[in-house]
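Structure assessment
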Amino acid sequence: MEAAVDRLQSLRMFVAVAEAESFAGGARTLGMSGPSATRGVNALEARLGARLFTRTTRKVRLTDVGRRYLAEVREILAHLQAADESAAGAAGKPVGQLRITCPQEFGRIYIAPLLTGFLDAFPGMSAEVLMVDRVVNLVEEGIDVALRIGPLASSDLAAVRIGQVRRAVCGAPAYFAENGIPQDPADLARHSLVATMPDGPARAWRFGPNGTRIVRVEPRLTVSSVAASIAIVRSGWGLCRVLSYQIGPDLEGGTLQTVLADHEPEPLPIHLVHVEGRRAAAKVRAFVDFAADRLRQVAVLR
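First things first, this report covers the structure right here in the doc. (Residues numbered from 1 in each chain as written. Predicted model: local features only at pLDDT ≥ 70, side-chain atom pairs only at ≥ 80, totals over all residues. Heavy atoms only, no water.)

Regarding the nonpolar core
Core analysis: the biggest nonpolar cluster contains 32 residues, and Phe106, Phe118, Leu147, Phe287, Leu295 and Leu301 have the highest contact counts within it. Secondary structure elements with two or more residues in this core: β3 (96–102), α5 (104–121), β5 (145–149), β6 (158–165), β14 (268–274) and α9 (282–295). Looking at this core element by element, the count peaks at 8 residues for α9. Ignoring any residue separated from it by four or fewer positions in sequence, one finds phenylalanine 106 in contact with Ile111, Leu147, Ile149, Tyr245, Ile270, Leu295 and Leu301. (Core = buried A, V, L, I, M, F, W, Y, C linked by side-chain atoms within 4.5 Å. Buried < 20%, exposed > 50% of the residue type's maximum accessible area, 1.4 Å probe, protein only. Helix = DSSP H or I, 4+ residues; strand = E, 2+ residues; numbered from the N terminus. Contact = heavy atoms within 4.5 Å.)

Shown next as structure tokens:
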């Protein structure tokens, strides 16, 4: 029994060190000393007969074998936690840490405020949110729930649709009062446009069914931040193209309005996805239900 406990602890040490990229950092996460974490990982590597990390004076990094092993160990530990929660009656009272990923602006506008309500409703829960504009591998990065925008690739992930977003051209009412409202995508050539990198200054914006109509545009200003482009347009300087959720508060407040709605491509679906389906941990089921109920009430996501 003691050997089994030691082995489980060594797996937890391995995950903590991998996430911190440091023996000292991983040890702090587990509330233990750095030498203990080093000994534990060294013993794990000796037992496996494989090197899981490459060591430098500043960091430790996973080897290819270590990266594959990390994904498998995270899954094992997640199953163990789910079993503990089930045995402790956590189906009725979710507990533990929830790790979520979502696009940056969606997280800032919608997920962060929603999460505070979730944590108030479930005092035994804590949460960590990774806000990045890329598709995250849930298993490899130890994520419980991801919010994804756009068609889903075929996979074993369970998905709950919570709404949709549009690709919208927007501007401030003061800008339209001075410069007029474009009635056709071709009219954009007569307007000041703001684009967001990495698309670059010369762009093709797609309109119509399936985005089949391509309109060449020449933005006068290109920035590397969606939030910055929206702020510029909010000031009345020009027009930009965004996903409608990114300007939800502005549309509600009247500081921005959209144009060319009749020419927009089909909306993009929004899903909450997770790994375990009906066998998902109580904390995952609780968050998905909580978030889906509230996000479906947001007007700009319908």
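Considering the layout of surface pockets
When its volume is computed, the largest pocket comes out at roughly 1,100 Å³. Around the largest pocket sit 42 residues that line it, and Asp133, Ile149, Leu243, Tyr245 and Gln246 are the ones nearest its centre. Breaking the lining of the largest pocket down by element, the ones donating at least two residues are β3, α5, β5, β8 (193–196), β9 (203–207), α7 (226–234), β12 (239–243) and β14. The leading source of residues in the lining of the largest pocket is β5, at 4 residues. For the lining of the largest pocket, the per-class residue count stands at 25 nonpolar, 9 polar and 8 charged. (1 Å grid on protein atoms, 1.4 Å probe; cavity = no way out; pocket = protein on both sides within 12 Å on 5 of 7 lines; lining within 4 Å. Points joined across faces, edges and corners; volume = space filled by probe spheres on them. Nonpolar A, V, L, I, M, F, W, Y, C, P; charged D, E, K, R; others polar.)

A closer look at the sheet that holds strand β7 (residues 167–171)
Read across the sheet, 5 strands follow the order β11-β8-β12-β7-β13 without closing on themselves; strand pairing throughout is mixed. The open sheet has two edge strands, β11 (221–223) and β13 (257–259), and neither has a second partner. Averaged over all neighbouring strand pairs, the angle between strand axes comes to 40 degrees, with direction disregarded. Pairing analysis gives 3 bridges linking β8 to β11, with the strands arranged parallel. From the neighbouring strand, threonine 196 faces β11, where its bridge partner is valine 223. (Pairing = 2+ DSSP bridges. Axes fitted to C-alpha atoms, helices over the stretch in contact; angles between N-to-C directions.)

Some points on unusual backbone geometry
Although it is not a glycine, glutamate 21 sits at a positive phi angle of roughly 55 degrees. Along the chain, the position of glutamate 21 falls in the loop between α1 (2–20) and α2 (23–30). By relative accessible area, which is 28% here, glutamate 21 ends up partly exposed. Backbone geometry places leucine 260, a non-glycine residue, at a positive phi of 60 degrees. Structurally, leucine 260 is set in the loop between β13 and β14.

A short note on the side chain of threonine 196
As for its placement among the helices and strands, threonine 196 is situated in strand β8. A distance of 3.3 Å separates polar atoms of two side chains, one belonging to threonine 196 and the other to serine 229. (Polar contact = N/O pair within 3.5 Å; in protein donor to acceptor, adjacent residues only side chain to side chain.)

With respect to the pairing of β7
The element β7 is largely enclosed, with a buried count of 4 among its 5 residues. Strand direction decides the pairing type here: β7 and β12, joined by 4 bridges, are antiparallel. Along β12, the bridge assignment pairs cysteine 170 with cysteine 240.

Focus: α5
With 18 residues, α5 ought to run about 26 Å at 1.5 Å a step, and its terminal C-alpha atoms sit 24 Å apart, in line with that. The sharpest bend along α5 reaches about 45 degrees and sits at isoleucine 111, with the proline proline 113 one to four residues further on. Three or more residues of α5 are buried, namely Glu105, Phe106, Gly107, Ile109, Tyr110, Ile111, Leu114, Leu115 and Phe118. (Expected span 1.5 Å × (residues − 1). Bend = angle between axes of the 7 residues up to and from the residue.)

With respect to the environment of methionine 13
Mapped onto the secondary structure, methionine 13 falls in helix α1. With 24 residues separating them in the primary sequence, methionine 13 and alanine 37 have C-alpha atoms 6.1 Å apart. If we ignore the near neighbours within four places in the chain, the residues touching methionine 13 are Leu30, Met32, Ser36, Ala37, Gly40 and Val41.

Considerations on the environment of serine 126
Tracing the chain through its elements places serine 126 in strand β4 (residues 125–131). Look at serine 126 and you get partly exposed, because its relative accessible area is 33%. Residues contacting serine 126, with those up to four places away along its chain left out, are Gly96, Gln97, Leu98 and Leu119.

Quick word on the pairing of β12
In terms of burial, β12 is largely enclosed, as 4 of its 5 residues are buried. Pairing geometry for β8 and β12, over 2 bridges, is parallel. Across the sheet, residue valine 194 finds its bridge partner in β12, namely cysteine 240.

Let's talk about the packing of α5 against α9
α9 packs onto α5 with a crossing angle of 125 degrees between their chain directions and a minimal axis gap of 10 Å. What the angle tells us is that α5 and α9 run oblique. For the pair α5 and α9, the crossing hand works out as right-handed. Packed against α5, whose contacting residues are Phe106, Tyr110, Ile111, Leu114, Leu115, Gly117, Phe118 and Ala121, the element α9 presents Lys283, Ala286, Phe287, Phe290, Ala291, Arg294 and Leu295 at the interface. Classifying every residue of the contact of α5 with α9 gives 12 nonpolar, 1 polar and 2 charged. (Parallel < 35°, antiparallel > 145°, perpendicular 65-115°, else oblique. Left-handed = near helix turned anticlockwise from the far one by under 90°.)

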